[in-house]
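Listed here are the chains, written in short residue letters.
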Amino acid sequence: MTGKMKRASSLWLGAASVLALTVQSASAQPPVSKAKAADTSVKPYDPSWGFNMSGMDKTVKPGDNFFEYANGTYLKNIVIPSDRASFGPFVILAETARERVQSILNDAGKHPSTDPKTTEEKLGAFYATLLDTAKADKLGATPLKDDLEAVRAVKDPASLAHLFGQAAFGFQYTPFGLMINADDKDPGQYALQLHQGKLGLPDRDYYLKSDFAAKKKAYQAYIAKTLAMIGWPEADQEAAKIVALETDLAKAQWSRTEMRDPVKAYNPMTVAELARKTPGIDWAEFLVSAGIPREGLENRRIIVGEPTALAGMAKILSTADYGTIRSWLAFHLASNAAPYLSQAFVQSSFDFYDHELEGSPQLPVRWKQAVSHTEDAMGWAIGKIYVERYFPPAAKARITELTQDVKAAFANRLAHNAWMAPATRDAAGRKLQNFEIQVGYPNKWRDYAGLTIKPGDLYGNAARAIAFDWQYNLGHLDKKVDRNEWFMTPQTVNAYNDPNQVEIVFPAAILQPPFFDPKGDAAVNYGAIGGVIGHEMTHSFDDQGRQYDEHGRLHQWWTADDVKRFQALADRYGKQYDAFEVLPGVHLNGKLTMGENIADLGGLTLALDAYHASLHGKPAPVVHGLTGDQRVFLGWAQVWRQKLREDSIRNRAVTDPHSAPEARVNIPMHNIDAWYEAFGVKAGDKLYLSPQDRVKIW
Ligand SMILES: [Zn+2]
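Keep in mind that this is a model prediction, so the values were computed, not measured.

Chemist: Would you explain the overall build of the protein chain in this entry?
Modeler: When its secondary structure is counted, the protein chain shows 28 helices and 12 strands. Radius of gyration (C-alpha) of the protein chain: 25 Å, near the 26 Å computed for a compact globule of 698 residues. Projected onto its principal axes, the C-alpha coordinates of the protein chain cover approximately 75 × 60 × 50 Å. Counting over 698 residues, the protein chain shows a buried share of 61%. Sequence-distant contacts, at least 24 apart, represent 77% of the contacts inside the protein chain between residues at least 6 apart. In the form shown here, the protein chain has an accessible surface area of approximately 26400 Å², with 54% of it arising from carbon and sulfur atoms. Treating the 78 positive side-chain charges of the protein chain as one cloud and the 81 negative ones as another, the clouds have centres 1 Å apart.

Below is the structure:
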C-alpha cells in the first residue's frame with residue numbers, strides 16, 4: 001500500500017476510493033438492460049433553474065425529516081443500477097465522466113502502434129489490451145508465474161522483508177504502508193512515512209465483531225477459492241490459517257478513529273530506532289527493496305504512524321509459520337492482480353469485494369472497468385485531455401469568485417467568534433487569508449515518457465504502471481513539496497483539503513450541476529457548490545485541521561481554554577451523530593466522522609452567509625414559491641440525494657469518515673437557527689432542537 005493520499009479530507013467516499021480499497025474487477029457482460037437504465041435517467045436536478053421540485057416529498061414535514069422532504073420522491077423512484085452499490089448525483093456525474101473518458105480512450109486507440117511511444121498511443125494500447133478478454137482468458141493464471149516464484153522463495157525474515165518491499169513495484173502484498181508525503185511539522189518538505197497497511201477485509205471490525213461473522217466466513221471461502229484457482233496446495237486449510245493470521249494482525253492494529261489523531265500518529269525516528277523499537281521485521285531490507293537508498297539508511301528519518309500497531313504486527317509475523325505466510329502472500333498477490341487476469345479471477349474478486357461486501361448484484365461491463373483501470377494507471381494523461389475537451393475556462397472564473405465569497409463569510413464568522421482567545425482568533429484569520437484555492441486542473445502535468453506499455457501485455461502493463469507511480473514518488477524523497485501536485489485527477493467528482501499546504505482543490509468534474517450550474521438560481525448554487533466550498537474550507541478548522549497552523553504545520557497554536565471549549569462543542573455535536581441509526585441497531589460513529597460532520601455544519605453555515613452577502617442588502621427574490629433561504633437549504637439537500645445498498649451502508653458505517661447522506665442533511669440543518677425560520681419548524685417536530693441544544697462551532 002503506497003500512495004500519496006493521507007490526511008487530505010475529501011467531500012465523499014468516491015468510487016475511486018472504493019476501487020482502490022477493493023481492487024476492482026471487470027468482465028464482459030451483456031450491457032445493463034434498457035429498463036434499468038430508464039429508472040436512473042431522471043435528472044436529480046431541474047436544468048431550467050437548478051432545483052428539482054418534483055423530486056421532493058411534500059407529504060413529509062420539513063421539520064420531521066428534511067432529507068425526505070427535499071428528496072423523498074426522487075429516492076423512491078430511482079433504482080440503483082445493477083452494477084453499482086449506490087446511486088445519486090455523485091454517481092451520475094462519475095458515470096458521465098466515465099463516458100467522456102471512454103470517448104477519449106477510443107480516440108486514443110484510433111491509430112494503434114505496436115510500440116507505443118506517445119502518451120496517446122500508450123493510453124490507447126493500455127485500454128485496448130484491457131478490452132481483449134479472449135487473450136486474458138487464454139492466459140488464465142500464467143501471468144502470475146514469476147511473482148508466485150518470488151513468493152515461494154520467502155523462507156526467512158530477510159526474504160519476507162524483501163518481498164514486502166517489492167509490493168511498491170507491482171501486485172505483491174505487504175501489510176505495511178510506505179509513503180512519501182509532506183512532513184506534518186515541516187510541510188514544505190517531503191518525508192518518508194510508515195503506516196499500518198490494509199488487510200483483506202475493509203476494517204478490523206470485520207475480523208473482530210460478531211456483526212460481521214458472515215462476511216468473515218465469506219472472506220475465508222474467497223481465499224480458498226483464489227488459492228485453488230492458482231493451484232496452491234491445501235487451499236481450504238490454508239485459507240483458515242490466513243484468516244486466523246489476519247485476525248491476530250487486526251487485533252494489533254489501531255482503529256480508524258485512533259488513526260485520526262495527527263499528534264499520536266506523528267512519531268519521527270531513525271530507521272535504526274525503528275528496527276530497535278519494532279523487532280521482528282528486517283526494516284532495512286524492506287526499505288531498500290522498496291527503493292530507499294541504502295546509503296545513510298540507519299540514520300534516515302522515518303515518521304511512523306501507529307508504532308504500537310507496527311510493533312504488534314511485527315511480533316506476530318516473526319513467530320508465524322512460513323508455510324502460512326507464503327500462502328497468505330500468494331492469495332493477496334492473486335487477489336490484487338485479479339482485475340488483470342482471466343474473467344474467472346475478475347468474477348471471483350467481484351463476487352466477494354463488490355457483491356458480498358457492497359451488495360452490487362452485477363459485474364460492470366468490461367469497458368467501464370477498463371476505463372477505471374486505465375484511470376488508475378495513467379489518470380493524469382487522461383485528465384489533460386479531459387479538461388481541454390470538457391472544462392470551459394469561464395467555469396473556473398465563476399468558481400474562483402464564489403470561493404472568495406465563502407472565504408469572506410468565514411473571515412466574518414471568525415472575527416465575531418465568541419469562544420476563542422483574541423490571539424488565537426487573529427491567527428485563525430491569518431490562516432484563512434493564507435488559503436490557496438485551486439480549481440479545475442493542476443498547473444503542471446505528469447509526464448509518462450518513462451512508462452513502458454506493451455500491446456497485449458495486460459498484467460505487465462498494470463504492474464509497470466504501479467512501479468512507475470512509485471518511482472515517481474521516490475523522486476520526491478528529500479525534496480521540497482511541489483504545490484502544483486494534486487491528489488485527485490480533474491475528472492474526479494470530488495474535492496479535497498490538504499492541511500499541510502493550507503489549500504483546497506476542486507477538480508473540474510465536480511463543477512457541474514447539481515453542484516454548480518452557471519445558469520442556475522444563485523441560492524441553489526450557494527447551497528450546493530457554496531456548501532461544498534465551505535465544507536472544504538472548514539476542514540482546516542475541524543478537529544484535525546485546526547491542529548495545523550497558518551503555514552500548515554502541526555503544532556498546538558491554540559490556548560488550552562480554546563481547545564477545551566472547542567472540544568466541548570465537538571463532543572456535543574458528535575453525540576448527535578452517535579445517536580443516528582443508519583439501519584436498525586447500526587449507528588454512525590461520531591468520532592470517526594467528526595471532521596466531516598464539522599465541515600458539513602460549517603459549509604452550510606458559510607453558504608448561507610455568503611448568499612446573504614451576495615444580496616447586498618436587497619431582499620432575496622422568491623422563486624417558484626420558495627424564499628432565498630429555503631432554496632439554499634434545498635440546494636444542499638439535493639446534492640445528497642443518494643441511495644445505497646444495505647451491505648454498503650453497513651460497510652460505510654465502520655469504514656467511511658463521512659456520515660450517511662440523510663445525516664449530512666438533517667443534522668447540520670437542525671443546528672442552524674435560520675433553518676427553523678425558513679421552514680417554520682416548531683417544538684414537537686421530530687428534528688426540533690431547543691436553541692440551547694443547537695451546536696454552533698464556526
Ligand atoms: Zn470532507
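Chemist: What should I look at first to understand the coordination of the zinc ion in this one?
Modeler: Note on metal sites: the ideal angle is 109.5 degrees for four tetrahedral donors, and 90 or 180 degrees for six octahedral donors. Around the zinc ion, the protein contributes the donor atoms Ser10 (O), His535 (NE2), His539 (NE2) and Glu596 (OE), which lie 2.0 to 2.3 Å from the metal centre. One can describe the donor arrangement at the zinc ion as tetrahedral, given that its 4 donor atoms subtend angles of 93 to 132° at the metal.

Chemist: Looking at this model, I keep getting lost on the side chain of Arg84. Mind explaining?
Modeler: Following the sequence through the fold, Arg84 ends up in the loop between helix H3 (66–77) and strand S2 (86–87). Assessed through its relative accessible area of 13%, Arg84 is described here as buried. Only 2.5 Å separates the side chain of Arg84 from the side chain of Glu95, close enough to count as a polar contact.

Chemist: Hey, could you run me through the packing of helix H4 (residues 89–108) against helix H18 (residues 366–390) in this one?
Modeler: For any two helices packed against each other, one specifies the inter-axial angle together with the distance between the axes. Between H4 and H18, whose axes approach to 8 Å, the crossing angle comes to 85°. As far as their axial angle goes, H18 and H4 are roughly perpendicular. Taking contact as the criterion, the partners of Glu95, Ala97, Arg98, Glu99, Arg100, Val101, Gln102, Ser103, Ile104, Leu105 and Asp107 in H4 are, on H18, Trp367, Lys368, Gln369, Val371, Ser372, Thr374, Glu375, Ile382, Ile385, Tyr386, Arg389 and Tyr390. Of the residues assigned to the contact of H4 with H18, the class counts are 10 nonpolar, 5 polar and 8 charged.

Chemist: What am I meant to see in the pattern of salt bridges here?
Modeler: Side chains that differ in sign of charge can pair as their charged atoms come close. Inspection of every chain in the model, using the stated rule, returns 36 salt bridges. With a closest N to O distance of 2.9 Å, Glu95 and Arg98 form a salt bridge. In this pair, Glu95 and Arg98 are both assigned in helix H4, 3 residues apart and thus about one turn of the helix distant. As far as burial versus exposure is concerned, Glu95 and Arg98 are alike and both buried.

Chemist: I would appreciate a short explanation of the sheet that holds strand S8 (residues 496–498) in the present structure.
Modeler: The strands making up a sheet are joined through hydrogen bonds of the backbone, oriented either antiparallel or parallel. The strand order across the open sheet formed by 4 strands is S1-S8-S9-S7, and the pairing between neighbours is mixed. At either end of the open sheet lies a strand with only one pairing partner, and these are strand S1 (9–10) and strand S7 (436–440). Two elements, S7 and strand S9 (residues 503–507), share 5 bridges in a ladder whose sense is parallel. Each residue of the ladder has a partner; that of Glu436, found in S9, is Glu503.

Chemist: Help me understand the packing of H4 against helix H5 (residues 119–131), please; the structure alone is not making it clear to me.
Modeler: Interhelical geometry of H4 versus H5 gives an angle of 105° and a closest axis separation of 8 Å. When the interaxial angle is binned, H4 and H5 end up roughly perpendicular. Of the residues in H5, those touching H4 at Gln102, Leu105, Asn106 and Ala108 are Glu120, Leu123, Gly124 and Tyr127. The class makeup of the residues in the contact of H4 with H5 is 4 nonpolar, 3 polar and 1 charged.

Chemist: Just checking my understanding: could you explain H18 for this structure?
Modeler: Because an α-helix completes one turn every 3.6 residues, residues spaced three or four positions apart along the sequence face the same direction. With 25 residues, H18 should reach 36 Å at 1.5 Å per residue; the first-to-last C-alpha distance of 24 Å falls well below that figure. Its axis deflected by about 100° at Met378, H18 carries its strongest bend there. Most of H18 is tucked away, with 18 of its 25 residues classed as buried.

Chemist: Sorry, what's going on with the packing of aromatic side chains here?
Modeler: Aromatic ring pairs are described here by two measures, namely the spacing of the ring centres and the angle between the planes. On inspection of all chains with the given rule, the structure shows 45 aromatic pairs. Centre to centre, the rings of Phe487 and Tyr496 are 5.3 Å apart; their planes meet at 40°, and the pair counts as tilted. A network of ring pairs unites the aromatic residues Phe66, Tyr69, Phe633, Trp675, Tyr676, Phe679 and Tyr688 as a single cluster. Cation over ring: Lys431 sits above Phe541, and NZ or CZ is 5.1 Å from the ring centre. Above the plane of the ring of Tyr472 lies Arg446, whose end atom (NZ or CZ) is 3.6 Å from the centre.

Chemist: I keep staring at helix H11 (residues 235–252) and nothing clicks. Help me out?
Modeler: Look at H11: 26 Å from first C-alpha to last across 18 residues, which is about the 26 Å you get at 1.5 Å a residue. Where H11 is buried, its residues touch helix H9 (204–208), helix H10 (213–229), helix H15 (307–319) and helix H16 (322–337).

Chemist: Looking at this structure, I do not really get the environment of Leu554. What am I missing?
Modeler: Its place among the elements puts Leu554 in the loop between helix H22 (522–539) and helix H23 (560–578). Its relative accessible area of 4% is what places Leu554 among the buried residues. In the structure, Leu554 is positioned 291 residues away from Val263 in sequence and 7.7 Å away in space, judged by C-alpha atoms. In contact with Leu554, not counting residues within four places along its chain, are Asp184, Lys185, Pro262, Val263, Tyr266, Gln547 and Tyr548.

Criteria and cut-off values
Residues numbered from 1 in each chain as written. Predicted model: local features only at pLDDT ≥ 70, side-chain atom pairs only at ≥ 80, totals over all residues. Heavy atoms only, no water. Helix = DSSP H or I, 4+ residues; strand = E, 2+ residues; numbered from the N terminus. Rg over C-alpha atoms; globule rule 2.2 N^0.38 Å. Buried < 20%, exposed > 50% of the residue type's maximum accessible area, 1.4 Å probe, protein only. Contact = heavy atoms within 4.5 Å. Areas by Shrake-Rupley, 256 points an atom, 1.4 Å probe, with all protein chains shown as cover. Lys, Arg positive; Asp, Glu negative; His and termini not counted. Charge placed at Lys NZ, Arg CZ, Asp CG, Glu CD. Donors = N, O, S within 2.8 Å, 3.2 Å for Na, K, Ca; no water. Tetrahedral: all angles 85-135°; square planar, octahedral: opposite > 155°, others 65-115°. Polar contact = N/O pair within 3.5 Å; in protein donor to acceptor, adjacent residues only side chain to side chain. Axes fitted to C-alpha atoms, helices over the stretch in contact; angles between N-to-C directions. Parallel < 35°, antiparallel > 145°, perpendicular 65-115°, else oblique. Nonpolar A, V, L, I, M, F, W, Y, C, P; charged D, E, K, R; others polar. Salt bridge = Lys/Arg side-chain N within 4 Å of Asp/Glu carboxyl O. Pairing = 2+ DSSP bridges. Expected span 1.5 Å × (residues − 1). Bend = angle between axes of the 7 residues up to and from the residue. Phe/Tyr/Trp six-rings, centres within 6.5 Å; stacked < 30°, edge-to-face > 60°. Lys NZ or Arg CZ within 6 Å of the ring centre and 35° of its normal.

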